[in-house]
Every structure is written in C-alpha cells, then in structure tokens.
Amino acid sequence: ATPVPVSPDRPSAKSATTTATPPRSANNSALAASSAARGAAAAAARSAVRFEDPAACKFVVTAYFAPQFREMRRRTFEGGEESFARALSRCDRWHPRGGKTSAFFAKSSDQRLIIKQLSRAEMSAVHEIGPHYFRHMAASFPADAPSSTSAAAPTSLAKIFGWYTLDVRRKDGTGSHFRMDLAVMENVL
C-alpha cells in the first residue's frame, strides 16, 4: 500500500493508504473493459483508500472500475476531477418521491450529482454490467470528441460517475460497523 497525503482540512485523520490502480489510458480501451476479461478487469479496477480518526473510526472507501470512471469523468464531467470531488464534498440528503425502496439518496449542493444507495442485488450486478456500460459510453463519448458534452452516438443512459463501497468501523469498543454501497450519477432532472 502506498501512503496518500491527508487533506490539511482533516486534522483528525491519522493515516491514509491506497491500493495500486492501473494506469489511465486516453484511448477507448480505458473506458471499455473487455467483456472476455470481466472478472480480471473488475478485480484489477478496484481501488481502496483507508484512513482513520484515532479516537473514533476507521474508514475504507472502495472504488470499483476506478480507471474507467476516471476516464469517463475526464470525457464528460465539466471541470474534471477537481470539480467532481468538490461537488461530492457538499451533499445533502434527498428524499425523492415515488420510489419503492427506502434507499439512501443525496444530491450535491450544486445539483449536478445524485448519490444513490445500491441494494445487494444492484451491487452484485455492477461487475456484470460494468464492461458493457463502459463499452457503450466509449462509443457515445469517444476520446477524440470535440466537446466533452457532445455525444458521438446518442445515448439515453444517464452518466454514472462512480460505484463505491463506504465501510466505517467504530473504535469505541462496541464493534459497530456501517457499510453502504453507492452509485454516483448525473442529475438529469
């Protein structure tokens, strides 16, 4: 594991580490993972960041298909990675109407992103549909497109910008544990 610098605005964080992530490629192969290598691509594209507050909790955030989503955001998210991180850092709980589940939802303060809690069935489907999703989106948003927001092949799919697992373990002796699988996607409303 390689140490990652901790943000100065998080003085309580004790340490942070991340697992190696495959290098980013500017061509469509970075976005469209081979369906023949589905299992290998899913395992290779998992990246975990660990950090802790010495007095309270240990945190682990796992990103799935990290290089593919990084490339997707580069092509389609106005403002790039910094703008994406800034939008995620300021979110409010959201209670959409009409849903059948009691899933957690949040919306970024700038209204650009929706965060949705994934069920176990949805999370298990992530590795199955991921390569197909990236292949489709690579055709819709090629690397050499003149504009990051113009689609070469129109698509009706909302842009998903990341699949994550958040794991929090309390260190207060109770052994309480919290885990949530999340999807971050564009707000199309």
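In this report, the structure presented in the accompanying data block is examined. Computed from a predicted structure; not experimentally measured.

The rules we used
Residues numbered from 1 in each chain as written. Predicted model: local features only at pLDDT ≥ 70, side-chain atom pairs only at ≥ 80, totals over all residues. Heavy atoms only, no water. Helix = DSSP H or I, 4+ residues; strand = E, 2+ residues; numbered from the N terminus. Buried < 20%, exposed > 50% of the residue type's maximum accessible area, 1.4 Å probe, protein only. Contact = heavy atoms within 4.5 Å. Areas by Shrake-Rupley, 256 points an atom, 1.4 Å probe, with all protein chains shown as cover. Salt bridge = Lys/Arg side-chain N within 4 Å of Asp/Glu carboxyl O. Phe/Tyr/Trp six-rings, centres within 6.5 Å; stacked < 30°, edge-to-face > 60°.

### Comments concerning the overall build of the protein
Consideration 1: When its secondary structure is counted, the protein shows 5 helices and 9 strands.
Consideration 2: Taken from the N to the C terminus, the helices and strands of the protein come in the order β-β-α-α-β-β-α-α-β-β-β-α-β-β.
Consideration 3: Within the span of the protein, comprising 189 residues, buried residues form 36% of the whole.
Consideration 4: The contacts in the protein between residues at least 6 apart in sequence include a share of 61% that link residues at least 24 apart.
Consideration 5: A total accessible area of about 10900 Å² is found for the protein, and carbon and sulfur atoms account for 55% of it.

### Looking at the environment of V168
Consideration 1: Inspection of the secondary structure puts V168 in strand β8 (residues 160-170).
Consideration 2: Note on V168: relative accessible area 14%, which makes it buried.
Consideration 3: Each residue touching V168, except ones within four places of it in the same chain, is listed here: C57, K58, F59, S176, H177 and F178.

### Concerning the pattern of salt bridges
Consideration 1: Enumeration over the complete set of coordinates arrives at 9 salt bridges.
Consideration 2: Of the charged contacts in the structure, one is a salt bridge between R86 and E82, with a shortest N-O distance of 2.6 Å. One end of the pair is R86 and the other is E82, both in helix α4 (residues 80-89) and 4 residues apart, which spans about a single turn.
Consideration 3: Put simply, R179 and D181 hold a salt bridge, and the shortest N to O gap is 3.7 Å.
Consideration 4: The partly exposed category is assigned to R179, whose relative accessible area is 48%.
Consideration 5: Among the charged side chains, a salt-bridge network with shared partners connects E71, R74 and R75.

### Section: the packing of aromatic side chains
Consideration 1: Applying the stated criterion to the full structure yields 12 aromatic pairs.
Consideration 2: Ring geometry for F65 against F134: centres 5.4 Å apart, planes inclined by 50°, an arrangement best described as tilted. Highlighted residues: F65 in the loop between β4 (57-64) and α3 (66-76) and F134 in helix α5 (residues 120-140), separated in sequence by 69 residues. F134 carries the same exposure label as F65, and that label is buried.

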